[in-house]
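# Structural characterization, general
Spelled out, the chains give:
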Amino acid sequence: MFKLYESAEFVWPVKCKRPNPDAPGKHITETFDCTFAEMSQADTEAYITNIETQDITAFLKLAIIDFDGLVVNADNEEVTDPEERVDILCSKAALIEPLFEAYGHGLLGRKGKN
């Protein structure tokens, strides 16, 4: 039976590459699971109709509920507040494209790979 929830969320793997601090010129490939809110069509269009001028980071901050992984602030203390964790995640330029891609793949039913 088809069941549609007004407010829905889903978990999808995010695969990203980041510079390796221990090996200059090399990258680390990492995968983590991210919990996304299924955004309404109106919210989606408001942020990404014209992708060149819209703020994808603001869209992701609305769409991301939480994610697996440890977040450490500048004082080397663990960050546990979900909103602060998402803000830190979305502040990393190397993660914006993989996060946005994972959100789209999750909605479109593409196979998630870890």
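To start, this report covers the structure provided alongside it. (Residues numbered from 1 in each chain as written. Predicted model: local features only at pLDDT ≥ 70, side-chain atom pairs only at ≥ 80, totals over all residues. Heavy atoms only, no water.)

Listing the buried residues of helix H3 (residues 82-90) in full gives Arg 85, Val 86, Leu 89 and Cys 90. Down the axis of H3, the smallest arc covering the buried residues is 125°, so these residues share one side. For H3, the elements touching its buried residues are strand S2 (27-37), helix H2 (56-63), strand S3 (64-67) and helix H4 (93-108). (Buried < 20%, exposed > 50% of the residue type's maximum accessible area, 1.4 Å probe, protein only. Helix = DSSP H or I, 4+ residues; strand = E, 2+ residues; numbered from the N terminus. Arc of directions from axis to C-beta. Contact = heavy atoms within 4.5 Å.)

Turning our eyes to something else, we now look at the pattern of salt bridges. Side chains that carry opposite charge are capable of pairing whenever their charged atoms lie near each other. What the rule picks out here adds up to three salt bridges. In this structure, Lys 61 and Asp 87 form a salt bridge, with 3.7 Å as the shortest nitrogen-oxygen distance. With a gap of 26 residues between them, Lys 61 in helix H2 and Asp 87 in helix H3 connect regions that are remote in the sequence. The exposure class of Asp 87 is partly exposed, given its relative accessible area of 34%. For the salt bridge of Asp 66 with Arg 85, the shortest nitrogen-to-oxygen distance reads 3.0 Å. (Salt bridge = Lys/Arg side-chain N within 4 Å of Asp/Glu carboxyl O.)

The antiparallel open sheet is built from three strands, whose spatial order is S1-S2-S3. Edge positions in the open sheet fall to strand S1 (9-19) and S3, since each of these has one partner strand only. Going across the sheet, the axis of each strand differs from the next one's by a mean of 35°, ignoring polarity. The pairing of S2 with S3 spans three bridges and is antiparallel. By the bridge assignment, Cys 34 is partnered in S3 with Phe 67. Of the strands in this sheet, S2 and S3 are in contact with H3, which crosses S3 at around 90°. Packing of H4 onto the sheet brings it into contact with S1, S2 and S3, and relative to S1 it is tilted by some 150°. (Pairing = 2+ DSSP bridges. Axes fitted to C-alpha atoms, helices over the stretch in contact; angles between N-to-C directions.)

Distances and angles like these do not, on their own, reveal function.
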